[in-house]
Amino acid sequence: MKRVSKLVVNMVGGPGRIFESTKSILNELPQGVSLLIATKGQGIESIEEALHAGAKICGENYLQEAIPKIEALSKKFPDVHWHYIGKLQKSKIKRIVKYFDAIETLDSFENALLVSKAAQRLNKLVPVLIEINSGNEPQKSGVLFDEVIPLAEKLADMKGIELKGVMTMGPKVERPEEIRPYFKKTREVFEEMQRAFGKERIEWLSMGTSDTYKIAIEEGSNIVRIGTLIFGSRKY
Ligand SMILES: *Cc1c(COP(=O)(O)O)cnc(C)c1O
């Protein structure tokens, strides 16, 4: 008798919440918009639940934290892609290129050279996004709006790198609506890149998080990066 009631409690209270929240976001996203689940701070079981619900892209910020998750999950979910969304550190680029399927946070020519070198050595073609510091904040990484096209021109023909678009975080805002101008400007630069390098090549515009993804989609985002709304609040 005891055993039965425990089982019921587990089924009601435990698994399901992450599955349900992932499903409901996936159902809500318009055609052509992909969900990236931001999995920093989350354990393998939680991530697995979101993947069972149909998530296809995981975003991780820290290499060390990501490696065991990628190793544990990539065999079971071979069609799930892992995007690096953290700050690039020169000493870790080789291994980031090894473990990840794409890099969303390319922020300098120097780092691009290192990505290119590592990719060639591993015989890989790494899709990259240029990260834009759209709020022009000194503490944030990414390049300024004016620097995007000049950097893109240097990356366009680099071996081992496949330039796919841009990503931005945007400044922390009180009300979600306040982020719209930063997303709008990011989309304009994205479209400028499409005109310069071709729409078939420049495909990814990654912007929007739990608080702002609806606005981001209105402004043309086609990858939204969501953590809190799926997994609940976290420490970092
Ligand atoms: C953590 C993180 C997110 C997700 O933020 P939430 O507010 O939890 O949805 C998105 N993008 C990046 C780069 C992140 O580090």
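Above this text sits the structure in question.
Residues numbered from 1 in each chain as written. Predicted model: local features only at pLDDT ≥ 70, side-chain atom pairs only at ≥ 80, totals over all residues. Heavy atoms only, no water.

K.L.:
Looking at this structure, I do not really get the site of the ligand. What am I missing?
P.N.:
Surveying the vicinity of the ligand reveals 13 residues, the closest of which are Lys40, Asn61, Ser210, Thr228 and Arg234. Gly227 places a main-chain nitrogen or oxygen 2.9 Å from an oxygen atom of the ligand. Within the side chain of Arg234, an N or O atom sits 2.8 Å from an oxygen atom of the ligand. Here the ligand has 390 Å² of accessible area as a free molecule, and 90% of this is covered by the chains. Looking at the shell around the ligand, its residues break down into five nonpolar, five polar and three charged. (Near = heavy atom within 4 Å. Polar contact = N/O pair within 3.5 Å; in protein donor to acceptor, adjacent residues only side chain to side chain. Areas by Shrake-Rupley, 256 points an atom, 1.4 Å probe, with all protein chains shown as cover. Nonpolar A, V, L, I, M, F, W, Y, C, P; charged D, E, K, R; others polar.)

K.L.:
Looking at this structure, I do not really get the packing of helix 2 (residues 17–28) against helix 3 (residues 44–52). What am I missing?
P.N.:
When two helices pack together, you describe them by how their axes are tilted relative to each other and by the distance separating the axes. Direction vectors running N to C along helix 2 and helix 3 enclose 40 degrees, while the axes themselves pass 8 Å from each other. Considered as vectors, helix 2 and helix 3 are oriented oblique to each other. Crossing angle aside, the handedness with which helix 2 passes helix 3 is right-handed. On helix 3, the residues that touch Arg17, Ile18, Phe19 and Thr22 of helix 2 are Ser46, Glu49, Ala50 and His52. (Axes fitted to C-alpha atoms, helices over the stretch in contact; angles between N-to-C directions. Helix = DSSP H or I, 4+ residues; strand = E, 2+ residues; numbered from the N terminus. Parallel < 35°, antiparallel > 145°, perpendicular 65-115°, else oblique. Left-handed = near helix turned anticlockwise from the far one by under 90°. Contact = heavy atoms within 4.5 Å.)

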